[in-house]
Amino acid sequence: MGGLLQVMGLTALGIPAYMLTSTNKGDEKFIYKTLEKGEGELKILYVTPEKISKSKRFMSKLEKCHHAGRLSLISIDVSS
């Protein structure tokens, strides 16, 4: 729930933030298109640990984004 509240707060401030989880399919197509092609506005992306560890598709898109020079920072929250 914390990630969702952070995304909502950032969005309210005009910062394009999104959340990618196994349950929110609404933004998934936009997020993947943005990661792969750089289309659309995306500054901050919150991703659940299970999405990172289990989604080959996400990792592939993230790798393409990195190779295209559109990835500036990855931050991992390891707190419980």
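Before any of the text, the structure's been laid out above.
Predicted model, so just to flag it, every value in this text is computed and none were measured.

> What am I meant to see in the pairing of strand β1 (residues 17-20) here?
For a regular strand, the rule is simple: side chains alternate between the two faces of the sheet. Of the strand pairs in this sheet, β1 and strand β2 (residues 44-47) are connected by 4 bridges, and their pairing is parallel. Looking across to β2, one finds that tyrosine 18 is bridged to leucine 45. Note on the crossover from β1 through helix α2 (residues 28-37) to β2: the handedness is right-handed.

> Hey, could you run me through the pattern of salt bridges in this one?
A side chain with one charge may pair with a side chain of the opposite charge, provided their charged atoms come close. Here the structure, examined in full by the defined rule, presents 5 salt bridges. A salt bridge links arginine 57 to glutamate 28, with the shortest nitrogen-to-oxygen separation between them at 3.5 Å. A residue pair is termed long-range when its members are at least 10 positions apart, and arginine 57 in helix α4 (residues 56-67) and glutamate 28 in helix α2 qualify at 29 residues. Since its relative accessible area comes to 46%, arginine 57 is described here as partly exposed.

> Teacher, can you tell me more about α2 here?
One turn of an α-helix holds 3.6 residues; hence residues three or four places apart share an orientation. Those residues of α2 that fall on the buried side of the exposure criterion are Glu28, Ile31, Tyr32, Thr34 and Leu35. Angularly, the buried residues of α2 cover 160 degrees about the axis, an arc narrow enough to put them on a single face. Of the exposed residues in α2, those oriented more than 90 degrees away from the buried face are Lys29 and Lys37. Immediately downstream of α2, the backbone of glycine 38 shows phi near 75 degrees, a positive value.

Calculation rules
Residues numbered from 1 in each chain as written. Predicted model: local features only at pLDDT ≥ 70, side-chain atom pairs only at ≥ 80, totals over all residues. Heavy atoms only, no water. Pairing = 2+ DSSP bridges. Helix = DSSP H or I, 4+ residues; strand = E, 2+ residues; numbered from the N terminus. Right-handed = clockwise from strand over helix to strand, strands pointing away. Salt bridge = Lys/Arg side-chain N within 4 Å of Asp/Glu carboxyl O. Buried < 20%, exposed > 50% of the residue type's maximum accessible area, 1.4 Å probe, protein only. Arc of directions from axis to C-beta.

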